[in-house]
Amino acid sequence: SDNPGFNTEFEQTGGFLQVIANLTDSLELRGGVRADHFSEYDDAVTGNLEAIYFVEELQASLFAKIANSYSPPTGQDLIFDADPATPVNPEESVSYELGLRKTFDNQMLEVEVVYFRNEIDDLIDFVAFVFDGFNVDEALTEGVETGFSYQVSEALSLRGSYTYLTAENEATGERLEKRPRHTLQASAKLLVTEDINLGISATSYIDRVGFA
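The model shown is predicted, which means the values in this text are computed figures rather than measured ones.

What follows concerns the overall build of the chain. The helix and strand tally for the chain stands at one helix and 10 strands. In the chain, the succession of helices and strands from N to C terminus is β-β-β-β-α-β-β-β-β-β-β. Structurally, the chain occupies a C-alpha span of about 60 × 40 × 40 Å along its principal axes. Considering the chain as a whole, with its 212 residues, one finds that 25% of them fall into the buried category. With the model as given, the accessible surface of the chain reaches about 13700 Å², and the carbon-plus-sulfur share is 53%.

Among all residues except glycine, the phi angle is most often negative; among peptide bonds, the trans geometry is most common. Positive phi is not limited to glycine here, since Gln59 has a value of about 50°. As for its position among the elements, Gln59 is in the loop between β3 (44-55) and β4 (60-71). The class of Gln59 is partly exposed, set by a relative accessible area of 29%. For Lys178, which is not a glycine, the phi torsion comes out positive at approximately 70°. Within the fold, Lys178 resides in the loop between β8 (156-169) and β9 (182-193).

The next point concerns the pairing of strand β7 (residues 132-151). Inspection of the sheet shows β7 paired to β8 by 13 bridges, in the antiparallel sense. Looking at the pairing, Leu140 lines up with Glu168 of β8. Taking the residues between adjacent antiparallel strands as the criterion, β7 and β8 are bridged by four residues.

On the surface, Leu98, Phe104, Met108, Val111, Val113, Tyr115, Val144, Phe148, Tyr150 and Val152 cluster together into a nonpolar patch covering about 760 Å² of accessible area. Those elements that provide at least two residues to the nonpolar patch are β5 (91-104), β6 (109-127) and β7. With respect to the element layout, Leu98 can be found in strand β5. The class of Leu98 is exposed, set by a relative accessible area of 54%.

Calculation notes
Residues numbered from 1 in each chain as written. Predicted model: local features only at pLDDT ≥ 70, side-chain atom pairs only at ≥ 80, totals over all residues. Heavy atoms only, no water. Helix = DSSP H or I, 4+ residues; strand = E, 2+ residues; numbered from the N terminus. Buried < 20%, exposed > 50% of the residue type's maximum accessible area, 1.4 Å probe, protein only. Areas by Shrake-Rupley, 256 points an atom, 1.4 Å probe, with all protein chains shown as cover. Pairing = 2+ DSSP bridges. Patch = residues over 30% accessible without salt bridge, like charges linked within 9 Å, V, L, I, M, F, W, Y side chains within 5 Å. Salt bridge = Lys/Arg side-chain N within 4 Å of Asp/Glu carboxyl O.

Below is the structure:
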């Protein structure tokens, strides 16, 4: 460890409750709450709320979600923290999602578009080569993700997605490192027999700053 004061023993105890309610044939609500106790950090209560509205005539769903999160540093963040005099604090965030999902061709093709936004306090980041973990006071990540899945046949299925992301240190106005502006993903899965699946996938990251 680069951190001579690294404590190798941590404890976390938590509980989670989720409720799913079908209010009508078209409207579904989902909510969850989680409480965590940490031996080295403050206790935290987080939750999420999601609404899904299905329009049968269009075979489409509208969905919206809001959630908050609390994330202490991982063991890796602490082990490789070369400057323990400035400790890495837990990361907290509030996230929002708004999306549309639609099926075509008797549900063989599904297309989804999602807008997301994450407002983050004390974002945990890492300086490569120097090996120092640190917190970004205020950060914002937001963007749009589009994707599809297509069942070509009983044996062959295809998936693909594209994500446009902006990630910014709000204190300085600079882009956050290691976060690509564009991400492309594609995959295919082939059912050879009842017991054998073959798959291939590819991911491309385009336009990112800093150490990759």
